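Understanding the architecture of this molecule
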Amino acid sequence: MKAAVLGLARRALRNSARKPQFLAPLVIFPTLFLALNVGGLERTTELPGFPRVDGFLDFQLAAAITQSLLLGGVAAGIAVALDIEGGFFDRLIASPIPRVAIVLGSVLAAGVIAVVQVAYFLVLGLAFGAEIKGGVVGVLAVLAIGVVAGTGFGALGVMIALRARNASTVQGIFPIVFVVLFVSSAFFPENLLSSPVDSLAAYNPLSYIAEGMRQPIAFANEAGPFLEGLAAAAGMTAVAIALSVMALRGRLRDA
Amino acid sequence: MAAIEVSALEREFKGGVRAVDGIDLEVQAGEVYGFLGPNGAGKTTTVRMLVTLLRPTAGSARVAGFDVATEPAQVRRRIGVALQEAALDPLMTGRELIQLQATLHGIAPRSVADRGDELIGRVGLSRAAERRVGTYSGGMRRRLDLAMALIHRPEVLFLDEPTTGLDPTSRLTLWEEVRRLRDEGTTVFLTTQYLEEADQLADRLGIIAAGKLVAGGTPAALKAEVGRPHLDLVLADGADLAAAREVVASFGDRRPASDGCHLSIALEHGAAEIAPVLRALDDAGFAVAELELKQPTLDDVFLEKTGEHLEGGDEPEPEPAGGPAVLG
């Protein structure tokens, strides 16, 4: 099974690299959003109750990373949906590999792409004056949470593709990604959110994932937020992979 | 030993459409079995059940000795599949796809190189192997699909309409490859809507129409079963076709005419009746512009069994509700 998972992940990565229009939106859109936020809302940091940060960019980097990783999940789902629409998926299920390998191949690729996404935003942040307060250890912490979360978002995308079976439906979840992200504390501190968004944010795993990455970037290395972020990412990933495998099995069972 | 055994196989889709309706057939190891029928007859649905992509709603099927419903993983290890639409990733090169297919069949990377090269050469794609599949022609895609289906040396190869839409040269190349596979002892289950293809390639044939197997046997036996040659006549312009039909009625069965002055008769007593038919028409005042004596073809077999020409059916096969469905 290992060889099949690696082979399918390699294919997904190679195809992503060969289709720049697939990968580019994952970083371009969050970059533009980050630029607009930082450029236009810099004074947000002066609000009473806003945590003390060196700059709004330091605070917003984690939000941009989370947004990019979510879009990575959409892209992973679209890739699987296109395989279903084009018939390549039939080739995979007519082969003797374990069914779970089909899901894991796509999910693993999403995790690898997440490394690139996280690295891109960290380099971008440093280039525009942000400072990673946690140093090298902080970078590793952000990478750890980012990769696990990216893997999970990929699994969610795959699950939706397996249920929807067409790329346009998967693309249709794009706006929902933003709604879910806006009802988290990714863009603004939870204590500055109005009700009921603040309550929703408290239960939204994206809040913990974004704050887990924000802590070493904007503040300092601290075990609590890191572990909460990692746990939220890992829990979400485990659930998403399980749901994807169930979606695949359900599809096979209904044949 | 039978490579494929099918008993009372059925597939009914949501909405009550029965695409395959109680098929029984047996394919011996090492033979090329042609599954002939028009579009929408149930060929692809049957293949999808045999390759474990679709669950039968009734009946049973064993491929390479394993039940497709209860032992699908065993079946998948032993079959090669080239489906109707060569579903290839356009972003990958031919060689990359061959390597991926080998990985999916558990073949170690170090041992796949030679086999991959051999197959790529065999289907005439050596010069295109490093090109992305998106740049391939339809014929090249089909040949690559065939090479991929053969990477693990399958016991049974399923080819679903492998030459549909191909130019004559590509079609002949694929025919050659199928013959070579038969010579090597591979069992081939080939669906086609082309009479000539079935006639040329199949050791035995099954003819399917509206989900039912209406005839089976060797092409020669099936044609012999229909037996009688038929006489095609083209009457001079303005002839009263109905009256001409009455004149020739005593010589054999009238057959459906393709146009207003075309008359076709299955001769009761063979070629010896050509002269009497012409005399009778002449006596009745009909002028014959053209005539041709035709030996039975598979289309005649199809006509005999279904009352229609093979070219007549073009209803698409129903898609499973909610998209393709597969076995676990």
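Because the structure is predicted, anything quoted here is derived from the model rather than measured. (Residues numbered from 1 in each chain as written. Chains lettered and ligands numbered in written order. Predicted model: local features only at pLDDT ≥ 70, side-chain atom pairs only at ≥ 80, totals over all residues.)

The step from Ser195(A) to Pro196(A) runs through a cis peptide bond, and the omega angle for that step is 5°. Mapped onto the fold, Pro196(A) is located in the loop between α8 (174-182) and α9 (197-203). Phi is positive for Thr52(B), which is not a glycine, with a value near 75°. On the secondary structure map, Thr52(B) appears in the loop between α1 (43-50) and β4 (58-63). With a phi angle near 55°, Ala64(B) is a residue other than glycine that sits in the positive phi range. Within the secondary structure, Ala64(B) is located in the loop between β4 and β5 (66-67). For Ala64(B), a count of 20 C-beta atoms within 10 Å translates into the label buried. (Helix = DSSP H or I, 4+ residues; strand = E, 2+ residues; numbered from the N terminus. Buried ≥ 20, exposed ≤ 12 C-beta atoms within 10 Å, placed from the backbone.)

Time to look at the nonpolar core. When a protein is soluble and globular, its nonpolar side chains tend to lie buried together. Among the nonpolar cores identified, the biggest contains 161 residues, and Leu50(B), Leu144(B), Phe158(B), Phe189(B) and Leu190(B) are the most heavily contacted of them. Sorting elements by how many residues they give to this core places helix α3 (residues 56-86) of chain A first, with 19 residues. Each of domain 1 (2-217) and domain 2 (225-309) of chain B accounts for three or more of the residues forming this core. Sequence-distant contacts of Leu144(B), defined by excluding residues within four places in its chain, comprise Leu88(B), Gly94(B), Leu97(B), Val123(B), Leu125(B), Val133(B) and Tyr136(B). One finds Leu231(B), Leu235(B), Val248(B) and Leu267(B) within the second-largest nonpolar core, a separate group that totals 13 residues. (Core = buried A, V, L, I, M, F, W, Y, C linked by C-beta atoms within 7 Å. Domains from an automatic or database assignment. Contact = placed C-beta atoms within 7 Å.)

Turning our attention to the domain arrangement of chain B. One frequent convention defines the size of an interface as the accessible area lost when the parts assemble. All names here are of chain B. Considered domain by domain, chain B is made up of domain 1 (2-217) and domain 2 (225-309). One C-alpha centre belongs to domain 1, the other to domain 2, and the line joining them spans 39 Å. Contact with domain 1, which involves eight residues of that partner, is made by seven residues of domain 2. Breaking the side of domain 1 that touches domain 2 down by element, the ones donating at least two residues are α7 (195-201), β9 (204-209) and β10 (212-217). A per-element tally of the side of domain 1 that touches domain 2 places α7 first, with three residues. Grouping the constituent residues of the side of domain 1 that touches domain 2 by class yields seven nonpolar, no polar and one charged. (Nonpolar A, V, L, I, M, F, W, Y, C, P; charged D, E, K, R; others polar.)

Bringing helix α8 (residues 219-226) of chain B into the picture now. Residue and element names in this part refer to chain B. Where α8 is concerned, the buried positions are Pro 219, Leu 222 and Val 226. Axial view of α8: buried residues confined to an arc of 65°, hence all on one face. For α8, exposure combined with an orientation more than 90 degrees from the buried face picks out Ala 220 and Ala 224. (Arc of directions from axis to C-beta.)

What follows is about the pairing of strand β11 (residues 230-235) of chain B. All names here are of chain B. Alignment of β11 against strand β13 (residues 262-267), held across five bridges, turns out to be antiparallel. Paired with His 230 across the strands is Ala 266, a residue of β13. Across six bridges, the pairing between β11 and strand β14 (residues 288-294) is antiparallel. Paired with Asp 232 across the bridge in β14 is Glu 292. (Pairing = 2+ DSSP bridges.)

Residues and elements named next belong to chain B. Two strands pair when backbone bridges link them, and strand β1 (residues 2-13) and strand β2 (residues 17-28) are joined in this way by nine bridges, in the antiparallel orientation. Looking across to β2, one finds that Ile 4 is bridged to Val 27. In this structure, the hairpin formed by β1 and β2 is closed by a connection of three residues, where Gly 15 is found at a positive phi of approximately 95°.

Let us now look at the sheet that holds strand β6 (residues 79-82) of chain B. Residue and element names in this part refer to chain B. Taken in spatial order, the six strands of this open sheet run β6-β7-β8-β3-β9-β10, and their pairing is mixed. Here the strands that pair on one side only, and so sit at the sheet edges, are β6 and β10. Sheet twist, expressed as the average angle between the axes of neighbouring strands with direction ignored, equals 15°. Judged from the four bridges that link them, β6 and strand β7 (residues 156-160) form a sheet pairing that is parallel. Bridge pairing links Ala 82 to Leu 159 in β7. (Axes fitted to C-alpha atoms, helices over the stretch in contact; angles between N-to-C directions.)

The subject of this paragraph is the interface of chain A and chain B. Of the residues lining the interface, 26 residues belong to chain A; the matching set on chain B comes to 25 residues. The biggest single contributor to the side of chain A that touches chain B is helix α1 (residues 2-18) of chain A, with six residues. Across the side of chain A that touches chain B, the residue classes tally to ten nonpolar, five polar and eleven charged.

Right, let's get into the sheet that holds β1(B). Residues and elements named next belong to chain B. If you trace the four strands from one edge of the open sheet to the other, you get β2-β1-β4-β5, paired in antiparallel fashion. Only two strands of the sheet have a single neighbouring strand rather than two, namely β2 and β5. In this fold α1 packs onto β1, β2 and β4, with an angle of close to 115° to the strand it touches most, β1.

With that out of the way, let us pick up the confidence of the model for chain B. All names here are of chain B. For chain B, the average pLDDT comes to 85, and 91% of its residues sit at 70 or higher. In this model residues 312-328 is a low-confidence stretch, pLDDT under 50, and it forms 51 contacts with partners more than four residues away in sequence or in other chains. On the interface metric, ipTM, the complex scores 0.85, and its pTM is 0.80. (pLDDT = per-residue confidence, 0-100.)

Attention now moves to the environment of Ala223(A). Relative to the assigned elements, Ala223(A) resides in helix α11 (residues 223-253). C-alpha of Ala223(A) to C-alpha of Ala141(A): the two residues are 82 residues apart in sequence and 9.8 Å apart in space.

Residues and elements named next belong to chain B. Between its terminal C-alpha atoms helix α6 (residues 168-183) stretches 23 Å, which fits the 22 Å expected from 16 residues at 1.5 Å a residue. When α6 is considered as a whole, its buried residues turn out to be Ser 170, Arg 171, Leu 174, Glu 177, Val 178 and Leu 181. Each buried residue of α6 sits inside an arc of 120° when the element is viewed along its axis, so together they form one side. For α6, exposure combined with an orientation more than 90 degrees from the buried face picks out Pro 168, Thr 169, Glu 176, Arg 180 and Asp 183. (Expected span 1.5 Å × (residues − 1).)

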